[in-house]
Amino acid sequence: MSAEIILNNNTKETNTTKNRFPVTGMSCASCSASVESILMKLPGVHAASVNFANATAAVEFDNTVISQEELQSALQAVGYDLILPESGADSFEEQENRASEAYQKALQKTIWATILTLPVFILGMFYMHWVPGRWISLPLSAVVLFWFGRDFFIGSYQQAKFGKANMDTLVALSTGIAFLFSVFNTFFPEFFLSRGFESHVYYEAATVIITFISFGKLLEEKAKSNTSSAIKKLIGLQPKTVRIIQNGEELTIPIEQVGQGQIIIIKPGEKIPVDGRIVHGNSFVDESMITGEPIAVNKSVGDAVFAGTINQKGSFQFEAEKVGQDTLLAQIIQMVQEAQGSKAPVQRLVDKIAGVFVPVVIIIAIITFVAWMILGGQDAFFHALLNSIAVLVIACPCALGLATPTAIMVGIGNGAEHNILIKDAESLELGYKVNAIILDKTGTITQGHPEVQNEYWLPIATSYEKGVLRRIEEQSEHPLAEAIIQYLQKENIPSQAVADFNSITGKGVRGTDKNGIHYFVGNYKLVLEHGITISHEVSTAYDQWSEQGMTVIFFANDNEILGILGITDKIKPTSAEAITLLQKRGIAVHMLTGDNAKTAAAVAQQVGITKFQAEVMPGDKAKYVQQLQQEGYTVAMVGDGINDSQALAQADVSIAMGKGSDIAIDVAKMTLITSDLMAIPQALKLSRKTVIGIRQNLFWAFIYNLIGIPIAAGFLFPINGFELDPMIAGAAMALSSVSVVANSLRLKQIKI
């Protein structure tokens, strides 16, 4: 498969749009499942994925069939809302502002609900038989439920209109029933007294439930906001204002107003605002936040600079080339946001469970009520009422809904802070299963900056023919071509005209000069294939250089060898350490290269790899991946070139080195924006820790509901007389979600 085919497979129809929208009105995982199902049923929507943890919906739709406004209207009809971008793309800052406003409103609600609940709680718990206390509690409880807790009732009503239910339904049912029963007993106490029963009121239960759940939501929102700290840090790399030169004057403008072609002034210590190229001056720029390289890079006229990097000593001016959403930093931020909003495979099962969770809980509450009415004996009605309310209150779909996405968000954010960009949750979840990893040699194990180390020219090679070699290599895209061009430039060899240039996959290139003579530049296999005679001197040099780990390039015409070049590509300082670490973790490390067998063996020996293949064609790399998969391995492929793209697409987990080709990065599910191979074991460790966090979250979320619901239903009452107070159930429900998010946040502290 060629690189072009891969690109065509990834191409979307021009009228297909993929956008991320903030969603409001979701209170639990059942809501996210509901929003997703509503969107998926709309005509023109190809795919929809709703993330409850960061309250966003990723929607892929045909904009000729359905508009953003129609998507919004469909959700508004059910009580949710889709926040449409004001200027083409919703900014993270706008989402943050909305989240901050929502948090402040929730804080005010919780404070006032607590203030009003406190006297109701005291009267209900310590002065339960004081009749005036009921009349005091009634208006206070009404304000708590129907003003500060009105969102629960509005949400449940909106859901009920369409035959759906969510957490709002559970809260509204439980508190509403408790309140109405209490109001009835306040106005008509004789009804139960005349029948020999206590005339109880449960205002304190209803108000405390609202207050506890509101407080839990407040803590949950605060904790969830911390999961996006990686995005905040990335956005913080970009300055708010920029100094430009316009009509000979220096002006300061907001970064949003910067356009392509404008000249921007950068002084010592300032952050570079957009991508561009230096037109005046020079300096050293700290690019560690983008590339992970700790050493500042010397920049002069003509060199590229990137948004988010920091200028050090000198001053310079540069021309803006990529601005706004086109900068490298903006693309990194977008990739992290999309990855944080994606779903891991395990989440699909959880979403299905959450989708039926609330109706099942309502059925359990009804069964609980009926069972207590039949088996409860004296005061059966009161037991039935309180236990069914407790069942409704303690059930928590939120903990299930938050278990996976919060861990994924934190894990992906942690990776971004360590120069590991993860495109989707699936690759993060699969990473921990990897037990075989395949490394490309050039640019992955080696530095990818080859240099001509040795040369051997036959007497017949003329300066003209060396010029033909230079021109052929100038048209080649092979990583070694640049090394040969630089070498010939130093030798002051001018280019000669070459026509009929052809690339011979996996072997080399061919060109024809003005006299119609064919010239070949390539490996040993290319020379043998064309029957070109190799002299004893050339063969000896080839053997010696190959054993020293050099890549040997042959230059020949139709009949004979004209010369050979020995090219070295130094091994990265941390390659051997990273490979040893992977092997210690039980991961089999393989190396594939298109280079000759002797060079491959020399490099493999230096880094400690025993399983390798040389002279591998691009298609053979994908077959090698497939072979390991058939043997039962979960395979990760690491590469940086176009020739690696097919193997990357075949692998279970694909990892691209960030300084590689755009095609390799596009195909790969993980991108390392650093040349350090140590990032690979770090990425796999991050995957393992994240998966452990997900499993812990799901375990506690399921256990909480599996144990909590039966206890709330009164299963322990026949054994030890224990019944769960609805107020305690409300507190437990609120804390369950907070505990799940808090456990996910622990991933931020993990050193990878």
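Residues numbered from 1 in each chain as written. Predicted model: local features only at pLDDT ≥ 70, side-chain atom pairs only at ≥ 80, totals over all residues. Heavy atoms only, no water.

Draft legend 1. Highlighting the packing of helix α14 (residues 380-394) against helix α27 (residues 679-713). Where α14 meets α27, the axes come as close as 7 Å, and the angle between the chain directions of the two elements is 165°. On the basis of the axis angle, α14 is roughly antiparallel to α27. Crossing hand, α14 versus α27: right-handed. Contact residues: Asn387, Ala390, Val391 and Ile394 in α14; Tyr704, Asn705, Gly708, Ile709, Ala712 and Ala713 in α27. Within the contact of α14 with α27, the residues separate by chemical class into 7 nonpolar, 3 polar and no charged. (Axes fitted to C-alpha atoms, helices over the stretch in contact; angles between N-to-C directions. Helix = DSSP H or I, 4+ residues; strand = E, 2+ residues; numbered from the N terminus. Parallel < 35°, antiparallel > 145°, perpendicular 65-115°, else oblique. Left-handed = near helix turned anticlockwise from the far one by under 90°. Contact = heavy atoms within 4.5 Å. Nonpolar A, V, L, I, M, F, W, Y, C, P; charged D, E, K, R; others polar.)

Draft legend 2. Structural view of a nonpolar patch on the surface. There is a patch of nonpolar side chains on the surface, built from Leu118, Ile122, Met125, Phe126, Tyr127, Trp130 and Ile136 and spanning about 720 Å² of accessible area. Here the nonpolar patch takes 4 residues from helix α4 (residues 92-126), the largest share from any one element. Summarising the element assignment, methionine 125 is placed in helix α4. Using a relative accessible area of 34% as the deciding quantity, one classes methionine 125 as partly exposed. (Patch = residues over 30% accessible without salt bridge, like charges linked within 9 Å, V, L, I, M, F, W, Y side chains within 5 Å. Areas by Shrake-Rupley, 256 points an atom, 1.4 Å probe, with all protein chains shown as cover. Salt bridge = Lys/Arg side-chain N within 4 Å of Asp/Glu carboxyl O. Buried < 20%, exposed > 50% of the residue type's maximum accessible area, 1.4 Å probe, protein only.)

Draft legend 3. Up close: the side chain of threonine 207. Mapped onto the fold, threonine 207 is located in helix α9 (residues 203-226). You can call threonine 207 buried: its relative accessible area is 0%. A distance of 3.0 Å separates a polar atom in the side chain of threonine 207 from the backbone oxygen of tyrosine 203. (Polar contact = N/O pair within 3.5 Å; in protein donor to acceptor, adjacent residues only side chain to side chain.)

Draft legend 4. Spatial organisation of the confidence of the model for the protein. Of the residues in the protein, 88% reach a pLDDT of 70 or more, and the chain-wide mean stands at 82. In this model, residues 1-13 is a region of pLDDT below 50 whose contacts with residues beyond four sequence positions or in other chains number 13 contacts. (pLDDT = per-residue confidence, 0-100.)

Draft legend 5. Region of interest: the pairing of strand β7 (residues 263-266). For strand β5 (residues 241-246) and β7, the ladder comprises 2 bridges, and the chain directions are antiparallel. Note on β7: the bridge partner recorded for isoleucine 245 is isoleucine 263. Where β7 and strand β13 (residues 316-322) come together, 4 bridges link them in antiparallel fashion. When the bridges of β13 are listed, isoleucine 265 appears paired with glutamine 317. (Pairing = 2+ DSSP bridges.)

Draft legend 6. Fine view of the UniProt feature "transmembrane region" (unreviewed entry) in the protein. Here, the residues flagged by UniProt with the feature "transmembrane region" (unreviewed entry) are residues 110-130, 136-157, 169-188, 200-219, 353-375, 381-403, 698-721 and 727-745. What you have in residues 110-130 is 81% helix and 0% strand, and the ends, taken at the C-alpha atoms, are 27 Å apart. (UniProt positions renumbered as here; feature names shortened; annotations may be inferred.)

Draft legend 7. Structural context of helix α21 (residues 536-547). Taking 1.5 Å per residue, 12 residues should reach 16 Å; α21 reaches 17 Å between its end C-alpha atoms and fits that length. Looking at α21, one finds that the buried residues are Val538, Ala541, Tyr542, Trp545 and Ser546. Along the long axis of α21, the arc covered by the buried residues comes to 125°, so they all point the same way. Opposite the packed face of α21, turned more than 90 degrees from it, sit the exposed residues His536 and Glu547. Of the surrounding secondary structure, the elements contacted by the buried residues of α21 are β16 (451-457), α20 (524-529), β20 (551-557), β21 (561-568) and α23 (597-607). Of the residues trailing α21, glycine 549 is marked for its positive phi of about 90°. (Expected span 1.5 Å × (residues − 1). Arc of directions from axis to C-beta.)

Draft legend 8. Main features of helix α22 (residues 575-584). Among the residues making up α22, those that are buried are Ser575, Ala578, Ile579 and Leu582. Looking straight down α22, one finds its buried side chains confined to an arc of 95°; they lie on one side. Elements that come into contact with the buried residues of α22 comprise β15 (436-440), α17 (441-445), β22 (588-592), α23 and α27. Backbone geometry just after α22 places glycine 586 at a positive phi near 85°.

Draft legend 9. Spotlight on the pairing of strand β1 (residues 16-24). Of the pairings in the sheet, the one linking β1 to strand β3 (residues 56-62) comprises 7 bridges and is antiparallel in character. Paired with phenylalanine 21 across the two strands is alanine 57, which belongs to β3.

Draft legend 10. Summary view of the nonpolar core. Judged by nonpolar contacts, the single largest core of 121 residues is most densely connected at Leu39, Leu71, Ile437, Leu439, Ile445, Ile609 and Ile680. The element contributing the most residues to this core is α27, with 12 residues. Leave out the neighbours within four places in its chain, and leucine 439 touches Thr444, Ile445, Ile579, Val589, His590, Met591, Leu592, Ile609, Val638, Leu677 and Ile680. Core analysis: the second largest hydrophobic core is formed by 20 residues, Ala483, Val509, Val521 and Ile553 among them. (Core = buried A, V, L, I, M, F, W, Y, C linked by side-chain atoms within 4.5 Å.)

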